[in-house]
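Structure assessment
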Amino acid sequence: MATTDRRTATLALAHALSAAEHGLPVIPLSATKLPALRSPHHGETLPSGCRGACGLPGHGVHDATTDPAAVRALFAAAPWATGYGIACGRPPHHLIGVDLDIDAAGRTDSVAALQQLALQHLFTIPPTVTVLTPSGGRHIWLSGPPGTAVPNSAGRLAPGIDIRGTGGYLVGPGSVTARGVYRLVPGTGTLPPAPCPSALLHLLTPPAPPRHHHGHPDQGSGLIRFVLAAGEGQRNTRLFWAACRAYEHGFGDALAEDLTRAAVRTGLSEHEARATIASAARLTATRCEPPG
């Protein structure tokens, strides 16, 4: 291992130990931002479903720990690690990461989208730990209440806004990746993760299952036409809006297949369409607004 690589690995361990000292469970990451340790169940014919019960390292975020000796052992097993991940949703901080991506082509302004959500739902992001990503995005750290599981999501709130919650992890500041270094925004490193505003938490947590009715009224055909009329750049937004309306009126499940077929006709993949409809289903127990 070259001197530079050894220095990077040593710094990664030092940053991880510092995070663990502050109550943040950590795991070693490779330069690809993925967990550095291969699963001990790699190559098995059937998925093991093991989340670390076997006692061996290599279970991704399930290996995350704040114990210094255990952290050192994980990094010793992965001397190629160049960074570390911080497990979200775990005590004592119950970390929630708001990941604001930057679109290099300028088509998505995730910062403006978050500001719009804040204005619409009457919340403000308090001063908190903020990390700059190599691509120019940022991670905003918030703390959630115990007993509330915030799911991971990508683009559900708005294009370019991803959420790291229970079962997810954030790349820790000081990590070196293939694209560059993750750095703290000056002045935020000494702050604790601020409590997530209640209005934002409401948007992030799954609603109660909506009530369903048999069949769907005539407005279902209007929603289908609305999706079919989508131009390029509008397809996902129109599908999301239409699915929200269908679930709000209790016939979302009944219309889901027709909505999927309509979205595929406009150019979305079936996987994208079903993911968007599923997001609408999760969000519509109390309120739903189209992303962006």
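Residues numbered from 1 in each chain as written. Predicted model: local features only at pLDDT ≥ 70, side-chain atom pairs only at ≥ 80, totals over all residues. Heavy atoms only, no water.

Given a rise of 1.5 Å per residue, 15 residues ought to cover 21 Å, and the 20 Å separating the end C-alpha atoms of helix H7 (residues 252–266) matches this to within 8%. Along H7, the residues that are buried comprise Gly252, Leu255, Ala256, Leu259, Thr260, Ala262, Ala263 and Thr266. Remark: glycine 267 follows H7 within two positions and exhibits a positive phi of approximately 120°. (Helix = DSSP H or I, 4+ residues; strand = E, 2+ residues; numbered from the N terminus. Expected span 1.5 Å × (residues − 1). Buried < 20%, exposed > 50% of the residue type's maximum accessible area, 1.4 Å probe, protein only.)

Examined against the element boundaries, arginine 265 turns out to sit in helix H7. The class of arginine 265 is exposed, set by a relative accessible area of 69%. Linking arginine 265 and valine 227, residues 38 residues apart in sequence, is a C-alpha distance of 9.4 Å.

Here we come to the pairing of strand S2 (residues 83–87). With 5 of its 5 residues buried, S2 lies for the most part within the structure. Residues Gly83, Gly85 and Ala87 point to one face of S2 and Tyr84 and Ile86 to the other, with burial holding for every one of them. Where strand S1 (residues 26–29) and S2 come together, 4 bridges link them in antiparallel fashion. Its bridge partner lying in S2, leucine 29 is registered against glycine 83. Here S2 pairs with strand S8 (residues 169–171) via 3 bridges, running antiparallel. Of the residues in S8, the one forming a bridge with isoleucine 86 is leucine 170. (Pairing = 2+ DSSP bridges.)

Let us now look at the sheet that holds S8. Whether parallel or antiparallel, the strands of a sheet pair through hydrogen bonds between backbone atoms. Spatially, S1-S2-S8 is the arrangement adopted by the 3 strands of the open sheet, whose pairing is antiparallel. The sheet terminates laterally at S1 and S8, the two strands that pair on one side only. Within the sheet, the average angular offset between the axes of one strand and its neighbour, ignoring direction, is 35°. (Axes fitted to C-alpha atoms, helices over the stretch in contact; angles between N-to-C directions.)

The subject of this paragraph is the confidence of the model for the protein chain. Averaged over the protein chain, the pLDDT score is 86; the fraction of residues at 70 or greater is 86%. Confidence drops under pLDDT 50 across residues 208–217; counting only partners more than four residues distant or on other chains, this segment forms 16 contacts. Here residues 285–292 scores under 50 on pLDDT; set against residues more than four positions off or in separate chains, the count is 26 contacts. (pLDDT = per-residue confidence, 0-100. Contact = heavy atoms within 4.5 Å.)

As a further point, take unusual backbone geometry. Leave glycine aside and you will find that most residues have negative phi; peptide bonds, for their part, are mostly trans. The peptide bond linking proline 91 to proline 92 adopts the cis configuration, its omega dihedral lying at 5°. On the secondary structure map, proline 92 appears in the loop between S2 and strand S3 (95–100). Backbone geometry places lysine 33, a non-glycine residue, at a positive phi of 75°. In this structure, lysine 33 sits in the loop between S1 and helix H2 (68–77). Phi angles above zero are rare outside glycine, and histidine 94 is one such case at about 50°. With respect to the helices and strands, the residue histidine 94 is situated in the loop between S2 and S3. Residue classification places histidine 94 among the buried residues on the basis of a relative accessible area of 15%.

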